[in-house]
Amino acid sequence: MRFPGLIEKASLEDPLRLLATFCSEEHLDRLKEIKNPRLWRDIAEVALVARPASIYVNTGSDEDKDYIRKRALEGREEYPTVHPMHTVHFDGPKDLARDKGNTRILYPGGRQVPLINTFDRDAGLGEIGKLFKGVMSGKEMFVSFYLYGPRYSKLSLYGVQITDSAYVAHSEEILYRNGYWDFVEKGEELEYMLFIHSAGERDENGWSKNVENRRIFIDLEGNSVYSVNTQYAGNTVGLKKLALRLAVYKGYREGWLAEHMFIVGVKGRGGRISYFTGAYPAGCGKTSTAMIADTVVGDDLAIIHAVNGEARAVNPEVGMFGIIDDVNPRDDPEIYSILVNPSAEIIFSNVLLMEDGNVWWRGKPGEPKKGINYAGEWWPGKKDENGKEILPSHPNARFTVSIRHLSKLDPRIDDPEGVPVSGFIFGGRDPSTLPPVLEAFDWKHGIVTMGASLESERTAAVLGQVGVMELNPYAILDFLPISVGAFTALHFEFEKKLARPPKIFSVNYFLREDGKFLAEKRDKIAWLKWMEQRVHGEAQAIETPVGYIPTYEDLREIFARELGKEFKEDLYEKMFTIRVKGFLEKIERATKIYSTIPDTPREFFEIMDKQTQRLKALEAMHGQKVSPFKFDKK
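Everything in this summary refers to the structure shown in the same document. On a predicted model such as this, the values are computed, not experimentally measured, just so you know. (Residues numbered from 1 in each chain as written. Predicted model: local features only at pLDDT ≥ 70, side-chain atom pairs only at ≥ 80, totals over all residues. Heavy atoms only, no water.)

Let's shift gears to the pattern of salt bridges. Inspection of every chain in the model, using the stated rule, returns 50 salt bridges. Between Glu-74 and Arg-71 there is a salt bridge whose closest N-O contact spans 3.0 Å. Highlighted residues: Glu-74 and Arg-71, both in helix α4 (residues 62-74), separated by three residues, approximately one helical turn. Looking at Glu-74, the relative accessible area reads 47%, which means it is partly exposed. We note a salt bridge from Arg-602 to Glu-606, for which the minimum N-O separation is 2.2 Å. In this pair, Arg-602 and Glu-606 are both assigned in helix α18 (residues 602-622), four residues apart and thus about one turn of the helix distant. Residue class for Glu-606 comes out partly exposed when judged on its relative accessible area of 33%. A network of salt bridges, in which partner residues are shared, links Lys-240, Lys-241, Lys-286, Asp-300 and Glu-317. (Salt bridge = Lys/Arg side-chain N within 4 Å of Asp/Glu carboxyl O. Helix = DSSP H or I, 4+ residues; strand = E, 2+ residues; numbered from the N terminus. Buried < 20%, exposed > 50% of the residue type's maximum accessible area, 1.4 Å probe, protein only.)

Okay, here's the thing in structure tokens:
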């Protein structure tokens, strides 16, 4: 039972008959096409508890997509713009980011998992059941079916979204492959994730009214997610980060990886393409890195399996839910061209919708004018009750658009076999220590020192104080249903299935000196090209206590070829100086946290200890800041 104790199990013995009281004959027939009694019971149980006025079954047809979009506009969940294919959604001032505190992993008995926000499963289902009781009264309930990966791929998963929000259903249709006919074809044999959402009662602005009762509960045992009293996509769009928790758990049990990673192709000699996956916390350059690569398979998520000794990845999505703040034509030409394309279907969220019907965000040319935004009516110079100026567009403003608009879209995005992965990249915001690019000595060294120990400055994508440095292992901590110790052990086990593990790199675009960034935004392509050459043994490297760094000669040649600019020697030295004190402090912070996690593999501490000893030996010889020219080339 999805809502134990609220209804009698016997009432679900004939779910289609029950659903006939909520569905028109047409939509009941759509459900009958899917020969899966468990699915019928799940939908019927939600309907019995939430009590919608009607049920709309979405098959993914053009007519269904148009209807959902129309309902989003009629219900003021989205607003029209000067371009018919562009709409704007507002979440409300108290619902502008993922809610970490109220996102809970349900475990029987409320088992404690270090760094993971858990809750007793029985108590959680009881609480969420009360919040869902009658919550859809007078509303339309949308039921949609999706693929979480390419069609006919053994790497793909499946999901069912139930929601009373046309905005959520609209977002899903842009972001994922509709799988209604796959559900029809597979019938009862199909295993699926279930996502149940309600925006709850909405106020006069259309915003979720009872955000103090916002809850996002992930039920691992039931392979399902419940979300209520919220509209922000990170809390509501089921197959986005909510599905990632369920996928990680399934991968943990079955021995494969679900990662918070983009998948991109980087061209090398002779036109070859090498594929890289990359994990970055929100606001750390993940989308811009994907957009600057030569081809894009995916910008956010990856499912990675070992296939015949090779790591192969698929993108479970076909859309992008990206941060729009500071996207501009100079630094982000690819994505900017899409965002101003009138024919591209786009949902802008929490930007400024001006009175003339145009949208504005920070980074878009032109000045913001009077209109409405995430806080209501807006005009230049408007201030809040504390006298602080209200930004016209929120720092976590977003865009939702199909990835198929990308000119760089890789033709293998729909390959059921996935793409071979040559390298993993881990990136974060580090103003003072990490160089722009660094290669691990081997898989385990990279997993420990770059993945498991990833730190970053907090951004506006998560509720809380911005600018605080925090550990975010694998850039996936917010989406883990298991401990980071267990997740690290999974990566160690995964390597055993590979004949040639991908190389592992870290990147950091945010190194600063005197408050100024040392690297330009477009420099990302240089780091990617160096990594591609390293994968094929075509670039030299310098061995340091923390990994391999590029030689000045190689980077000078790459910058000239790829960017048409001179890469000066003094800038190289500033970027790639090994800042011993900072690295030692990072190790100390990470080791202190992992020492509280009982299932952390012993090898984690051994690798960290060896790195500490190498750094201390370097410090004794050369001091706390060591120029790259002090090291020998390898």
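The subject of this paragraph is the sheet that holds strand β2 (residues 79-80). Ordered in space as β2-β3-β19-β24-β18, the five strands form an open sheet in which the pairing is mixed. Since the sheet does not close on itself, it has two edges, and those belong to β2 and β18 (319-323), each with one partner. Of the strand pairs in this sheet, strand β3 (residues 86-89) and strand β19 (residues 346-349) are connected by four bridges, and their pairing is parallel. Residue pairing in the sheet places His-89 in a bridge with Ser-349 of β19. (Pairing = 2+ DSSP bridges.)

In globular proteins that are soluble, nonpolar side chains generally tend to be buried together. Tyr-148, Trp-527 and Met-531 are the most contacted members of the largest nonpolar core, which totals 157 residues. Those residues in contact with Met-531 that lie beyond four places of it in its chain are Phe-276, Ile-425, Val-437, Phe-505 and Val-507. (Core = buried A, V, L, I, M, F, W, Y, C linked by side-chain atoms within 4.5 Å. Contact = heavy atoms within 4.5 Å.)

With that settled, the discussion passes to the packing of helix α17 (residues 580-594) against α18. The N-to-C vectors of α17 and α18 enclose an angle of 160°; their axes lie 10 Å apart at closest approach. The orientation of α17 with respect to α18, classified from their angle, is roughly antiparallel. The two elements α17 and α18 meet at a crossing, and its hand is left-handed. Packed against α17, whose contacting residues are Val-580, Phe-583, Leu-584, Ile-587, Ala-590, Thr-591 and Tyr-594, the element α18 presents Phe-604, Phe-605, Met-608, Gln-611, Thr-612, Leu-615, Lys-616, Leu-618 and Glu-619 at the interface. Of the residues assigned to the contact of α17 with α18, the class counts are eleven nonpolar, three polar and two charged. (Axes fitted to C-alpha atoms, helices over the stretch in contact; angles between N-to-C directions. Parallel < 35°, antiparallel > 145°, perpendicular 65-115°, else oblique. Left-handed = near helix turned anticlockwise from the far one by under 90°. Nonpolar A, V, L, I, M, F, W, Y, C, P; charged D, E, K, R; others polar.)

Below, the discussion takes up empty space enclosed by the protein. The tally for this structure, following the rule as stated, stands at three cavities of 30 Å³ or more. Forming the boundary of the largest cavity are 15 residues, of which Leu-434, Thr-449, Ser-453, Phe-583 and Lys-586 lie nearest the centre. Those elements that provide at least two residues to the lining of the largest cavity are α12 (443-452), α17 and α18. By residue number, the principal contributor to the lining of the largest cavity is α17, which donates four residues. Of the residues that constitute the lining of the largest cavity, the class distribution is nine nonpolar, four polar and two charged. (1 Å grid on protein atoms, 1.4 Å probe; cavity = no way out; pocket = protein on both sides within 12 Å on 5 of 7 lines; lining within 4 Å. Points joined across faces, edges and corners; volume = space filled by probe spheres on them.)

The next subject is the sheet that holds strand β23 (residues 376-378). Here four strands make up an open sheet; going across it, the order is β21-β20-β22-β23 and the pairing antiparallel. Of all the strands in the sheet, just β21 (359-360) and β23 have a single pairing partner and so form its edges. Relative to β23, strand β22 (residues 371-373) runs antiparallel, the two sharing three bridges. By the bridge assignment for β23, Gly-371 is matched with Trp-378.

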